[in-house]
Amino acid sequence: MIRRTLACMLTLGLVACATQPPSPSPSPQASSAPNTPSPGQKGPAEAAPEAAAASAAPVDLTPVPFEVARANFVRDTAKRYAIPAAQIEATLAQAQVRDPIIAAMSRPAERVKPWNEYRPMFISQARIDGGRKFLAQHRDELMRVQQRTGVPAEVIVAIIGVETSYGGNTGSYRVLDALYTLAFKYPRSGDPAKLEREVRRELYFRDELARLFALTRDEKLDITAIKGSYAGAMGMGQFMPSSYLDFAVDGNGDGRRDLFNSYDDVFSSIANYFVKKGGWVRGGPVAVPATLAAGREEFNPTEWAPTWSLSDLAKRGYQPSVPVPAGLTATPITLEGSTGKQYWLGFQNYYAITRYNLSKMYAMAVYQLSQAIAGQELPPA
C-alpha cells in the first residue's frame, strides 16, 4: 500500500531534507502497485492529479557516494530509533541489491488506459466471486470491524482483492532487499528533468527502510525474512513500513499487529487507515453517477478533496443522477467509458479510498468491486 511523498529526515540519505512538513504519504503502498497493473496512470479520471509535489521541500541534487549515504543512514537510523549502529550494520550486510527490482522501477510507463480498459484489470467475475467467498469465510471478523469503524466489510474485502487477490499474492521479494535496493540504488534515467523526482523517490525508500528497522523491532518480526512486493509493501493490504507503524491495529488483542497472518489485524488496520488517514464517514456515500449539462465544460480540480457543495457543482452543470442527502460536498469525476464520457460525484468516502492509492480510477475500481461483491449490479464500463 503503494503509496506514495517523503518523510523528512535530517541527514538520512543522499541529501538533507528541509524542516518544513512534508506532503502526506499517498497510500499504504509505494506509488507503483507491484502485484496488480499499475493504478497510477493518468487517464480521464486522472486529468487533474493532486499537485502535492509543488509544495514539497527542496532537495540537494548533488550526488553523494554510496558509502557515505549508507554510513549516514546507519548513524541517523541508530539515533532516530535508538537501535545500536552495529545491529543496523549487521543487518544491512545481509541485504542485497536486486537487479530485477531496479528493472521493475525502470520500466517505462504504459500508455494511458481509458476507464473501459482500466476497470477489467481490477474487476472480473473471478475477482467478484472470490470476494464474495472471502467475505463469507470471514464475515464475523469483518462485521465486527464494520460495526466498530463504520467502514463496510465489502470495501475492506475489495481492497484486499485488488491489492493481493485476497491474500494469494502478497509478494515474493525480501522487503529488506527491496527497500535497500531502492534506498541506495534507485534507478536514474539520465534525464535532468526527472532527476529531482528520482532523488525524492530514493529518499522516500530510504526513510521506509529506516522505518522497517523500527517496525520489525516493535512487532518482533524477523527483518531478514519478511516478504513483500518489489517496492517493499507488505501483507494482505500491502502496507509500507511507515503506514504499518502509523495505522496498523491489533485487532485480536494478542499484543501484536500482524498484517501477514491475522485477519482481525488486517481488517482492522485497513479500516483504521480509511478512518484516520482518509476521514471515512460512517454511513456516508462513496460516489454517485451524475450528468453534465450539454455545452458545459468539464471541471477537473487540481485538489481532490470533496470541497464543492452540490449547489456549486450545479452552477457548473453537474447534477447527481440519484438522490443525495442535503449538505454534502463532493468532487467531480470524469471517466472515459466504452460509450463516451461518464460523470460521477465523489464524496468524502471516495476521497478516503484515494488516500490508499493516489488514483481516481483506482478508487472507482475499488468502490465498484465492493458494490459487486455486495451483490449490486455494476454500471457499464
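Please read all numbers here as calculations on a predicted model, not as lab measurements.

## Digging into the sheet that holds strand β5 (residues 318-320)
Spatially, β4-β6-β7-β3-β5 is the arrangement adopted by the five strands of the open sheet, whose pairing is antiparallel. Edge positions in the sheet fall to β4 (308-309) and β5, since each has one partner strand and no second. Of the strand pairs in this sheet, strand β6 (residues 329-337) and strand β7 (residues 340-346) are connected by seven bridges, and their pairing is antiparallel. Bridge pairing in β7 places T334 opposite Y343.

## Here we look at the packing of helix α13 (residues 348-356) against helix α14 (residues 360-373)
Their axes nearest at 8 Å, the elements α13 and α14 cross at an angle of 115 degrees. The angle between α13 and α14 places the two elements in the roughly perpendicular class. Relative to α14, the crossing made by α13 is right-handed. Between α13, through Y350, I353, T354 and Y356, and α14, the contact on the second element is made entirely by K360, M361, Y362, A363, M364, V366 and Y367. Of the residues contributing to the contact of α13 with α14, the split by class is nine nonpolar, one polar and one charged.

## A look at the packing of aromatic side chains
Each aromatic ring pair is characterised by the separation of its centres together with the angle its planes make. All chains considered together, the criterion is met by 22 aromatic pairs. Measuring from centroid to centroid gives 5.7 Å for F66 and F184, while their planes differ by 85 degrees, and the two rings are edge-to-face. Here F184 lies in helix α8 (residues 175-184) and F66 lies in helix α1 (residues 66-81), a separation of 118 residues in the sequence. Lying across the ring of F66, K185 places its NZ or CZ 4.9 Å from the centre.

## A word on helix α2 (residues 85-92)
Within α2, the full set of buried residues consists of I88, T91 and L92. Buried residues of α2, seen end-on, are gathered within an arc of 95 degrees and therefore sit on one face of the element. Each element contacted by the buried residues of α2 is listed here: α1, α8 and α9 (195-218).

## Overview of the pattern of salt bridges
Applying the stated criterion across every chain, the model contains 13 salt bridges. Taking the shortest distance from any N to any O, the salt bridge between D218 and R217 comes out at 3.0 Å. The exposure class assigned to R217 is partly exposed, which follows from its relative accessible area of 38%.

## Structural notes on the nonpolar core
Among the nonpolar cores identified, the biggest contains 89 residues, and F73, I156, F205, L209, I270, F274 and M364 are the most heavily contacted of them. If one sorts the elements of this core by residue count, α14 sits on top with 10 residues. Residues in contact with I156, not counting those within four places in the same chain, are L142, V145, V151, F267, I270 and A271.

## A word on the packing of helix α11 (residues 263-276) against α13
Contact pair α11 / α13: the axes reach a minimum separation of 9 Å and the direction vectors enclose 115 degrees. The chirality of how α11 crosses α13 is right-handed. Contact residues: α11 offers I270, Y273 and F274, while α13 offers A352, I353, R355 and Y356. Taken together, the residues that form the contact of α11 with α13 break down as six nonpolar, no polar and one charged.

## Some details on the pairing of β6
For β6, a buried count of seven out of nine residues is recorded, marking the element as mostly surrounded by other parts of the structure. In this sheet, β6 lies alongside β4 in antiparallel orientation, the contact comprising two bridges. Bridging across to β6, S309 finds its partner in T329. Connecting β6 to the next strand, β7, in antiparallel fashion are two residues.

## What to know about unusual backbone geometry
Excluding glycine, residues mostly have negative phi values, and the peptide bonds linking residues are mostly trans. A positive phi angle, close to 50 degrees, is found at S165, a residue other than glycine. Tracing the chain through its elements places S165 in the loop between α7 (153-164) and β1 (173-174). Even without being glycine, Y166 reaches a positive phi, approximately 60 degrees. For Y166, a relative accessible area of 15% puts it in the buried group.

## A look at α9
Its 24 residues place the ends of α9 35 Å apart at the C-alpha level, agreeing with the 34 Å of an ideal helix rising 1.5 Å per residue. Downstream of α9 by one or two residues, K220 has phi in the positive range, about 55 degrees.

## Some words on the pairing of β7
Consecutive side chains along a regular strand alternate between the two faces of the sheet. For β7, a buried count of five out of seven residues is recorded, marking the element as mostly surrounded by other parts of the structure. The pairing of strand β3 (residues 287-292) with β7 spans four bridges and is antiparallel. Residue pairing in the sheet places A287 in a bridge with G346 of β7.

Here is what the cut-offs are and how they apply
Residues numbered from 1 in each chain as written. Predicted model: local features only at pLDDT ≥ 70, side-chain atom pairs only at ≥ 80, totals over all residues. Heavy atoms only, no water. Pairing = 2+ DSSP bridges. Helix = DSSP H or I, 4+ residues; strand = E, 2+ residues; numbered from the N terminus. Axes fitted to C-alpha atoms, helices over the stretch in contact; angles between N-to-C directions. Parallel < 35°, antiparallel > 145°, perpendicular 65-115°, else oblique. Left-handed = near helix turned anticlockwise from the far one by under 90°. Contact = heavy atoms within 4.5 Å. Nonpolar A, V, L, I, M, F, W, Y, C, P; charged D, E, K, R; others polar. Phe/Tyr/Trp six-rings, centres within 6.5 Å; stacked < 30°, edge-to-face > 60°. Lys NZ or Arg CZ within 6 Å of the ring centre and 35° of its normal. Buried < 20%, exposed > 50% of the residue type's maximum accessible area, 1.4 Å probe, protein only. Arc of directions from axis to C-beta. Salt bridge = Lys/Arg side-chain N within 4 Å of Asp/Glu carboxyl O. Core = buried A, V, L, I, M, F, W, Y, C linked by side-chain atoms within 4.5 Å. Expected span 1.5 Å × (residues − 1).

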